[in-house]
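# Structure assessment
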Amino acid sequence: MSETPYFKHHVFFCMNAREDGRESCGPRGAEQAQKHAKKRCKQLDINGAGGVRINQAGCLDRCEHGPVLVVYPEGTWYTYVDTSDIDEIIDSHLVGGQPVERLKIK
């Protein structure tokens, strides 16, 4: 078994839509953000094996900070407002290796 991970970064976007009226990520732009990230990573040619994988996820149990995404293997959690925040995460963290402190959640 290889010690090298298949993806350098694996990004999960919470897509949860709670039915009880509590805040959740899905209705707050998660699908648009995830699609934007996937498209942008393809444009930058950083997607695929050895690069970045952008995925949808069910509830990540952090909706109170949402919308949220998490980047592995680091386990860095982010919130975002729009696609410019997503671009900053991609450019700074996924490409440049520097987490975006202003968007991180604990």
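Just so we're clear, the structure is a prediction, and the values are computed from it rather than from any experiment.

Secondary structure assignment for the protein yields two helices and five strands. Mapped from its N terminus to its C terminus, the protein presents α and β elements in the order β-α-β-β-β-α-β. By the compact-globule yardstick of 13 Å for 106 residues, the protein fits well, its C-alpha radius of gyration being 13 Å. By the burial criterion, 40% of the 106 residues in the protein qualify as buried. Sequence-distant contacts, at least 24 apart, represent 62% of the contacts inside the protein between residues at least 6 apart. Carbon and sulfur atoms make up 49% of the accessible area of the protein, which amounts to about 6,200 Å² in all. Side chains of the protein give 14 positive and 15 negative charges; the mean places of these two sets differ by 2 Å.

Another aspect to go through is the pattern of salt bridges. Tallied over the entire structure, the rule returns eight salt bridges. For D87, the salt bridge goes to R40, with nearest N and O atoms at 3.3 Å. Taken together, the positions of D87 in helix 2 (residues 83-95) and R40 in helix 1 (residues 30-43) put the pair 47 residues apart, joining distant regions of the chain. R40 sits in the buried class, given a relative accessible area of 16%. Where salt bridges share partners, they join R40, D87 and D91 into one cluster.

Rules and cut-offs
- Residues numbered from 1 in each chain as written.
- Predicted model: local features only at pLDDT ≥ 70, side-chain atom pairs only at ≥ 80, totals over all residues.
- Heavy atoms only, no water.
- Helix = DSSP H or I, 4+ residues; strand = E, 2+ residues; numbered from the N terminus.
- Rg over C-alpha atoms; globule rule 2.2 N^0.38 Å.
- Buried < 20%, exposed > 50% of the residue type's maximum accessible area, 1.4 Å probe, protein only.
- Contact = heavy atoms within 4.5 Å.
- Areas by Shrake-Rupley, 256 points an atom, 1.4 Å probe, with all protein chains shown as cover.
- Lys, Arg positive; Asp, Glu negative; His and termini not counted.
- Charge placed at Lys NZ, Arg CZ, Asp CG, Glu CD.
- Salt bridge = Lys/Arg side-chain N within 4 Å of Asp/Glu carboxyl O.

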